[in-house]
Amino acid sequence: MKFLVATDGSEEANSALAYATDISDAMEGSITVVYAVDPAVYDTGGSEPISGLSDADRRLVVENIEDAEDRGLDILDEAARFAEDLGYEVETELLYGTPVAEVTDYAEEKGFDAIFVGHHGRSERTDRMLGSVAKEIVERATVPVTVVR
């Protein structure tokens, strides 16, 4: 069986990875860990530093795409080391696009049997305001999804 673990570098994502390794061992499966970089989020809106609140209102400064890719690769490397510490070798893949769409599409396109994802356990009110990637993956995926806290 082929298992996909979506990570964001959090403890919850590591819990999902640890759980996936247990299931994969029992099923003699393989694991691929993915991290999605959303290029649309990393538009800096200009190269000049923000000099006041009026500048901040007009543009979103998060990080440039190269920094986001580097951060994603670091998160994937950390996940691979975490799995290795558990005695498990995993594949890693950096995806580009909105995390929910990319994870679910990748799972379907590559023929994964299940997705594992961590959940931060925020309140229902917070999830309504901010959304829950785990919940959206469950709703969109065409393969079984295991949500781990």
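Further up the page is the structure itself.
A quick note: this is a predicted structure, and the numbers were derived from the prediction, not measured.

1. What about the nonpolar core?
Among the nonpolar cores identified, the biggest contains 20 residues, and Val-5, Leu-17, Ile-31, Val-33, Tyr-35, Val-90 and Phe-116 are the most heavily contacted of them. Of the residues forming this core, the biggest block, 5 residues, is contributed by helix α3 (residues 65–85). Not counting residues within four places of it along the chain, the set of residues in contact with Val-90 comprises Leu-17, Ile-31, Val-33, Ala-80 and Ala-83. Leu-95, Val-103, Val-117 and Val-143 belong to the second largest nonpolar core, which has 16 residues in total.

2. What about the packing of aromatic side chains?
Counted under the stated rule, the structure contains 3 aromatic pairs. On the numbers, 5.5 Å between centres and 75° between planes, the contact of Phe-3 with Phe-116 is edge-to-face. Placement of the pair is Phe-3 in strand β1 (residues 2–6) and Phe-116 in strand β4 (residues 114–118), with a sequence separation of 113 residues. Phe-3 gets classed as buried once you look at its relative accessible area, which sits at 3%. By way of ring pairs, the aromatic residues Phe-3, Tyr-19 and Phe-116 are connected into one cluster. It is Lys-2 that lies over the ring of Phe-112; its NZ or CZ is 4.8 Å from the centre.

Definitions and cut-offs
- Residues numbered from 1 in each chain as written.
- Predicted model: local features only at pLDDT ≥ 70, side-chain atom pairs only at ≥ 80, totals over all residues.
- Heavy atoms only, no water.
- Core = buried A, V, L, I, M, F, W, Y, C linked by side-chain atoms within 4.5 Å.
- Buried < 20%, exposed > 50% of the residue type's maximum accessible area, 1.4 Å probe, protein only.
- Helix = DSSP H or I, 4+ residues; strand = E, 2+ residues; numbered from the N terminus.
- Contact = heavy atoms within 4.5 Å.
- Phe/Tyr/Trp six-rings, centres within 6.5 Å; stacked < 30°, edge-to-face > 60°.
- Lys NZ or Arg CZ within 6 Å of the ring centre and 35° of its normal.

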